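# Secondary and tertiary structure notes
Residue strings, one per chain:
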Amino acid sequence: MLLLRAESARLKTERGGWLDRWGAICVAMVLAIGLTATSLGAGMQTEDYMHRQTVQRQAETFPRSVNLFAYNSGDTMGIYAQKNFGIVPWLALENYKISFWRPLSSLTHHLDYRLWPKSPVSMHAHSLLWFAALIAVVGLLHRRVGGAAWAAAVATALYAMDDGHGVAVGWLASRNSVMASFFSVSAILAHLRWRDGEGLAWLGASCALLAAGLTSAELAVGAFGYLVAYAVTLDEGSRRDRWLSLVPAISVALVWYAVYRWLGHGTYGSGMYLDPLAEPLAFVGEAAWRFPALLGGMFGLPTADEWVLLDAAGRTRASLILCAAMVAIVAWALPWLREDRRARFWLIATLLGTIPVSATLPSDRLMFLPTVGSSALLAGVIMLAAKPAIERYRAGPRRVIAAGLALATLVVHVAIAAYRLPSRATTMAQVGSAVDASAESALEGHRDPTQQLVLVNAPSYYVGGLVVGVAASSGRPVPRHTRVLFAGRVPVEVARVNEHTLSLESEQGFLTEELDRVYRGRAHPVAAGDGIALSGVLAIVQETTSSGDPRAVTFQFGERLEGDRYRFMKWHDGKYVPFELPNPGQSVRLSAAHL
């Protein structure tokens, strides 16, 4: 709030007064909140229920145990227990780890679930307030960097209408992305004020705000892209002073990372979340397609989330095409980049800010920081088409291209984005409804908790594992053990070996969904003969794919399959239905499971 008051006082002194400067930001805030207000009815989804249960369980140890994002500590016995219960699949790496330290954003969920535990509307209103505050500081940053006031206003409006932000705004569990971005942009603003000679107090504010961002979510690391870009392009100090100006922020990050690791947080073995410092080679390999996917989501129609639907060959082709298009656009923009330091600042900041986000699966909901820069670049393209201040863009082919790119920007990032943002703000509600309905179909008729629920196939292991959570949150009998034998949007052949054994085989493998890589990364292949014994069933890998994923697996059950011990279900037409076991020696082919 101190930063907002300081910027307000500064803007009042500029020509045009408070209304002219703050008016554009207020309009952008109204646009953002108006278009995402649909999230007020989104309710609680997936991880939200787990967070609420954790808050209730930690009531006696709060605030010592405030963090809600330590999902898996990597403990082998703990993971085995989760496999045996059915929360994670049988093929998960025995010591994979996903544990994030986000105490500040966790604290806001503790407040939600304590102050208004039965009012998801209030929780979503809380998230919208953070989003409004983020729009405000983004508008201040666009104005602070300078340039035409109307271009800064357009950039802020484009940021406010970015439909990629809708998913995080409408999902309570992803509020951490909004909070981390708010504190990060505020830290960048304070850093700029310090470097402009407005006092050491702004350096302290910048460090404190950066620490707040890092303890809200790891994506705050993207703020360093803007700090480096400023040192390279806009900072007026000597070369030595410019690089030394980064030392305070780097020191904050090092302390944060040291505490992070000392507390035991981090990731390991998961193909979805990668630690660039601990797994540099794996990070570079995955970033080769994740980075282009994120850039494409920022500037084009295909969302970053849609890239996970492509197979490896499709991602490679799409990456090459997108990289070629980006190189062509940068070549067109070279005169602008040479003459306008601000354009160089925004470009470098956008590219550097995208690198940390490549540590996880591409998703538009994580792009709050990079899109601060991309929205300014898009506004600059509109400026080149409308009022070109650079001679080489006033006529000829470059002007024609500028007009075409400006038109595309208005269509994609204004018309289409404004149309899609209300719907994307309820994306998790739509996903949650589908997941809940599928779980209800699996639990329908399940009366005996001692009976094992066996899902022969499912859309993903994650979706299959949520059956347990839905049962617990709805007060229904929870199966003592849930087994998801196979998951993926590909067919699977199910053969009956004998009275106790099923054999499942899929040419594409048992890990075709990128989302399911959360349980086992490509750097941790399986081998023929690997297996795991769970209560009532032994899974043994018979064959693997060339990439080291299971291709054929036998499941030996402790009792006759037709007995009362097991309840077999399969995926059909968006829900689970009873699975009729084939006779010994026979097989049946199950079609792809689509949610």
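Residues numbered from 1 in each chain as written. Predicted model: local features only at pLDDT ≥ 70, side-chain atom pairs only at ≥ 80, totals over all residues. Heavy atoms only, no water.

### A few points about the sheet that holds strand S5 (residues 492–496)
Heads up, the rule is: Only when DSSP finds a minimum of two bridges between them are two strands counted as paired. By the criteria applied, helices consist of DSSP H or I runs no shorter than four residues and strands consist of E runs no shorter than two, each listed in order from the N terminus. Every axis in this analysis is a line fitted to C-alpha atoms, fitted for helices over the stretch in contact. Angles between the N-to-C directions lie between 0 and 180 degrees.
The strand order across the open sheet built from 6 strands is S7-S8-S9-S6-S5-S12, with neighbouring strands paired in antiparallel fashion. The sheet is open, and its two borders are formed by strand S7 (531–534) and strand S12 (587–590), each paired with just one other strand. Ignoring which end each strand starts from, the neighbouring axes of this sheet average 20° apart. Relative to strand S9 (residues 550–557), strand S8 (residues 537–544) runs antiparallel, the two being bridged by 7 bridges. In the sheet register, Ile540 faces S9, and the bridge partner there is Thr554.

### Some details on the environment of Met428
Just so we agree on the cut-off: A simple rule labels every residue: compare its accessible area, found with a 1.4 Å probe on the protein chains alone, to the largest value its type can have, and call it buried under 20%, exposed over 50%, or partly exposed in between. When checking whether two residues touch, look at their non-hydrogen atoms; a contact exists if any pair is within 4.5 Å.
Examined against the element boundaries, Met428 turns out to sit in helix H19 (residues 427–443). Judged by its relative accessible area of 11%, Met428 falls in the buried class. Once the C-alpha coordinates of Met428 and Met44 are considered, the two residues, 384 residues apart in sequence, prove to be 8.8 Å apart. For Met428, the residues in contact, after removing those within four places along its chain, are Gln45, Thr46, Val167 and Trp171.

### A look at unusual backbone geometry
The backbone phi angle of Thr46 is positive, close to 40°, even though this residue is not glycine. Inspection of the secondary structure puts Thr46 in the loop between helix H2 (17–36) and helix H3 (47–57). By relative accessible area, Thr46 is classed as buried at 13%. Of note, Asp573 is a non-glycine position whose phi angle comes to about 55°, a positive value. As for its placement among the helices and strands, Asp573 is situated in the loop between strand S10 (566–572) and strand S11 (575–578).

### Structural notes on the confidence of the model for the chain
The line we're drawing: pLDDT runs from 0 to 100 and stands for how confident the predictor is about each residue.
With 95% of its residues at a pLDDT of 70 or more, the chain shows a mean pLDDT of 90. The spread of mean pLDDT over the elements of the chain runs between helix H1 (residues 2–13), the lowest at 52, and helix H9 (residues 175–195), the highest at 97. Scored below 50 in pLDDT, residues 13–19 makes 9 contacts in the model with residues more than four places away or belonging to other chains.

### Things to note about helix H15 (residues 312–339)
Which entries qualify depends on this criterion: To estimate the expected span of a helix, count its residues, drop one, and scale the result by 1.5 Å. Bend, at a single residue, is the angle you get between axes fitted to the 7 residues ending at that residue and the 7 residues starting at it.
Spanning 28 residues, H15 covers 40 Å between terminal C-alpha atoms, matching the ideal 40 Å at 1.5 Å per step. The largest bend in H15 comes to about 55°, at Ala333, with the proline Pro335 one to four residues further on. Among all positions in H15, only Gly314, Arg315, Ser319, Leu322, Trp332, Ala333, Pro335, Trp336 and Leu337 are buried. On its buried face, H15 sits against helix H14 (280–299), helix H16 (341–354), helix H17 (370–386) and helix H18 (397–424).

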